[in-house]
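# Architecture and fold: a report
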Amino acid sequence: MSVYTVYEPPLKAHESAPDPERFVFVRDGFSFWAFLLAPFWLLRYRLWLAFIGYVIVAIALQIALRWIGASPTVTVLVAALLSLLVGFEAATLRRFTLSRRGWRNVGLVVGDDIDSAERRFFDAWVSNAWAERSSVDGAPRASSPAMGVPMARRPSSEVIGLFPQPGAPR
């Protein structure tokens, strides 16, 4: 099972609600294609800042390795490690770029593949939208049963956790 972060696009001028076809699902975890073809993968997903950073770091590493007289084996190993880093951080790079462009993180979903994750997310999204519209008092409903349970009002002197209340008998 894979975990996906779901991003909602910013609204266009003529839209009143987000277009479900434009939602982006970013799979968390290692990206084989980002490891294997790091600069092309960065360009494919339009991660311009990450691409510029990758190029600067790769060139700086190559210059530094030549300057210290490293062997070709070490140079290849360092390039592979840089690509490995991109493979591990690929999802983080995409999430950062989407957030920077104004996309809103609307949740997480778990699924065997992207299709099942999309199906699960949109089933919950549609039922949640229906539940919010059918609310009697117009207030949004809780997304989980535990969120709908009112909490008892605690006195301000109560201590949270395993610590006793101040001044309480032992």
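In this text, all values refer to a predicted model and were calculated from it rather than measured experimentally. (Residues numbered from 1 in each chain as written. Predicted model: local features only at pLDDT ≥ 70, side-chain atom pairs only at ≥ 80, totals over all residues. Heavy atoms only, no water.)

## Thoughts on the overall build of the chain
Counting its regular elements, the chain contains five helices and three strands. A total of 170 residues make up the chain; the buried ones form 25% of that total. By sequence separation, contacts in the chain at least 24 residues apart represent 64% of the contacts at least 6 residues apart. Accessible surface, the chain as shown: approximately 12500 Å² in total, 63% of it carbon and sulfur. (Helix = DSSP H or I, 4+ residues; strand = E, 2+ residues; numbered from the N terminus. Buried < 20%, exposed > 50% of the residue type's maximum accessible area, 1.4 Å probe, protein only. Contact = heavy atoms within 4.5 Å. Areas by Shrake-Rupley, 256 points an atom, 1.4 Å probe, with all protein chains shown as cover.)

## Notes on helix H3 (residues 48-68)
Over its 21 residues, H3 runs 30 Å from end to end, which matches the ideal 30 Å to within 8%, given 1.5 Å per residue. Within H3, burial applies to Ala50, Tyr54 and Leu65. Along the long axis of H3, the arc covered by the buried residues comes to 40 degrees, so they all point the same way. Across from the buried face of H3, at angles greater than 90 degrees, the exposed residues are Leu49, Ile56, Ile63, Arg66 and Trp67. Buried residues belonging to H3 abut helix H2 (38-44) and helix H4 (72-100). (Expected span 1.5 Å × (residues − 1). Arc of directions from axis to C-beta.)

## What about the sheet that holds strand S1 (residues 2-8)?
What the three strands build is an open sheet, ordered S2-S1-S3; its pairing is antiparallel. Unpaired on one side and paired on the other, strand S2 (24-27) and strand S3 (104-111) mark the two borders of the sheet. Averaged over neighbouring strand pairs, the angle between their axes works out to 30 degrees when direction is ignored. Here H4 sits on the sheet and contacts S1 and S2; the angle it forms with S2, its principal contact strand, is near 150 degrees. (Pairing = 2+ DSSP bridges. Axes fitted to C-alpha atoms, helices over the stretch in contact; angles between N-to-C directions.)

## Digging into the confidence of the model for the chain
Counting all residues, the mean pLDDT for the chain is 83, and 75% of those residues have values of 70 or more. Note that pLDDT drops below 50 for residues 140-154; the model gives that stretch eight contacts with residues more than four away or on any other chain. (pLDDT = per-residue confidence, 0-100.)

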